[in-house]
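Below, each chain spelled out in residue letters.
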Amino acid sequence: MSDTYIARPKPRPEEALKDPAVNRDFIGRLVREFYRRVRSDARLGPIFAGEIKDNWEPHLEKMTDFWCAVILKDGSYHGRPVPAHLRLKTVVEADFDIWLGHFRQTVGDLCTPAVAAVFIERAERIAKSLKLAMFFRLPAALGPDAARARTRDDA
Ligand code: HEM
């Protein structure tokens, strides 16, 4: 019966953080401090150095765009983070814990607790989806049997 169908409410779009202290200028400073710490990390430093070499300024501007889009919802970022990370063959899942550790510390040092909580919640969610894309491709995650079954079905 069609009238038994109950529409599920659409998830509400994430809202822009409204705090006069958190503008592009502040986010730019936060990004620069975060990557200063990442660059001096014994594990992450060489990974970034290998990719970015001495060309840090464009990356820092891109990351400022990214965080402005994520936090202020101002549409500054138009890139594609997943392919950029799929190319990084030496990164392992545990590297994300190191990355998030520096991120939590940086926002904890520079932001009020309420603002820090917003940055951290969004970083953790994005990190989770990047990890899913990088380390849990479906057939592999389901094991060799699933991969074989898929081959048979496809044949
Ligand atoms: C172990 C963790 C991570 C490592 C080693 C890493 C490393 C990198 C590197 C080397 C690049 C530059 C790639 C290029 O220019 O081709 C990059 C780009 C980027 N990263 Fe990460 N990343 C990590 C985690 C994250 C997380 C958790 C986020 C978001 C919360 C993030 C957001 C981005 C974005 C937005 C870009 C720019 C992509 C583009 O548009 O080109 N990364 N990352």
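Residues numbered from 1 in each chain as written. Predicted model: local features only at pLDDT ≥ 70, side-chain atom pairs only at ≥ 80, totals over all residues. Heavy atoms only, no water.

(A) Geometry of the overall build of the protein. In terms of helices and strands, the protein carries eight helices and zero strands. Going residue by residue from the N terminus, the α and β elements of the protein occur as α-α-α-α-α-α-α-α. Per-residue burial over the protein gives 35% buried out of 155 residues. Contacts in the protein between residues far apart in sequence, at least 24 positions, make up 78% of those at least 6 positions apart. Approximately 10,600 Å² of the protein is accessible, and the part contributed by carbon and sulfur atoms is 58%. (Helix = DSSP H or I, 4+ residues; strand = E, 2+ residues; numbered from the N terminus. Buried < 20%, exposed > 50% of the residue type's maximum accessible area, 1.4 Å probe, protein only. Contact = heavy atoms within 4.5 Å. Areas by Shrake-Rupley, 256 points an atom, 1.4 Å probe, with all protein chains shown as cover.)

(B) Layout of the pattern of salt bridges. The final tally for this structure, using the stated rule, is 15 salt bridges. The salt bridge partner of Arg12 is Glu15, with a shortest N-O separation of 3.8 Å. A salt bridge links Glu33 to Arg36; its shortest N-O distance comes to 2.8 Å. Of this pair, Glu33 and Arg36 both sit in helix H1 (residues 24-39), three residues apart, roughly one helical turn. Among the charged side chains, a network of salt bridges with common partners joins Arg24, Arg32, Glu57, Glu61 and Asp65. (Salt bridge = Lys/Arg side-chain N within 4 Å of Asp/Glu carboxyl O.)

(C) View of the site of the ligand. Near the ligand you find 22 residues, and of these Phe48, Lys62, Tyr77, His85 and Arg87 are the closest. In this structure, a nitrogen atom belonging to the ligand sits 2.9 Å away from a side-chain N or O atom of His85. Secondary-structure elements contributing two or more residues to the shell around the ligand are helix H2 (44-52), helix H3 (56-72), helix H4 (81-86), helix H5 (93-110) and helix H6 (113-135). Of the residues forming the shell around the ligand, the biggest block, five residues, is contributed by H3. For the shell around the ligand, the class distribution of residues is 14 nonpolar, three polar and five charged. (Near = heavy atom within 4 Å. Polar contact = N/O pair within 3.5 Å; in protein donor to acceptor, adjacent residues only side chain to side chain. Nonpolar A, V, L, I, M, F, W, Y, C, P; charged D, E, K, R; others polar.)

(D) Local environment of the side chain of His59. Here His59 shows up in helix H3. Using a relative accessible area of 17% as the deciding quantity, one classes His59 as buried. Setting aside residues up to four positions removed in sequence, His59 forms contacts with Tyr35, Phe48 and Ile52.

(E) Seen up close, H3. Over its 17 residues, H3 runs 23 Å from end to end, which matches the ideal 24 Å to within 8%, given 1.5 Å per residue. Buried residues dominate H3, accounting for twelve of its 17 residues. The inward-facing, buried residues of H3 abut H1, H2, H4, H5 and H6. Just downstream of H3, Lys73 is the residue with a positive phi angle, here 55°. (Expected span 1.5 Å × (residues − 1).)

(F) Spotlight on H1. Here H1 spans 22 Å end to end across 16 residues, near enough to the 22 Å set by a 1.5 Å rise per residue. Buried residues of H1: Phe26, Ile27, Gly28, Leu30, Val31, Glu33, Phe34, Tyr35, Arg37 and Val38, and no others. Here the buried face of H1 lies against H2, H3, H5 and H6.

(G) Quick look at the packing of aromatic side chains. Tallied over the full model, the rule gives 13 aromatic pairs. Consider the rings of Phe34 and Tyr35, whose centres lie 4.8 Å apart with planes at 70°: the pair is edge-to-face. Here Phe34 matches Tyr35 in class, with each residue buried. Ring centres of Phe66 and Tyr77 lie 5.2 Å apart, and the angle between their planes is 85°; this geometry places the pair in the edge-to-face category. Here Phe66 is found in helix H3, whereas its partner Tyr77 is found in the loop between H3 and H4, with eleven residues between them in sequence. Through a chain of ring-to-ring contacts, the aromatic side chains of Phe34, Tyr35, Phe48, Trp56, Phe66, Trp67, Tyr77, Trp99, Phe103 and Phe119 assemble into a single cluster. (Phe/Tyr/Trp six-rings, centres within 6.5 Å; stacked < 30°, edge-to-face > 60°.)

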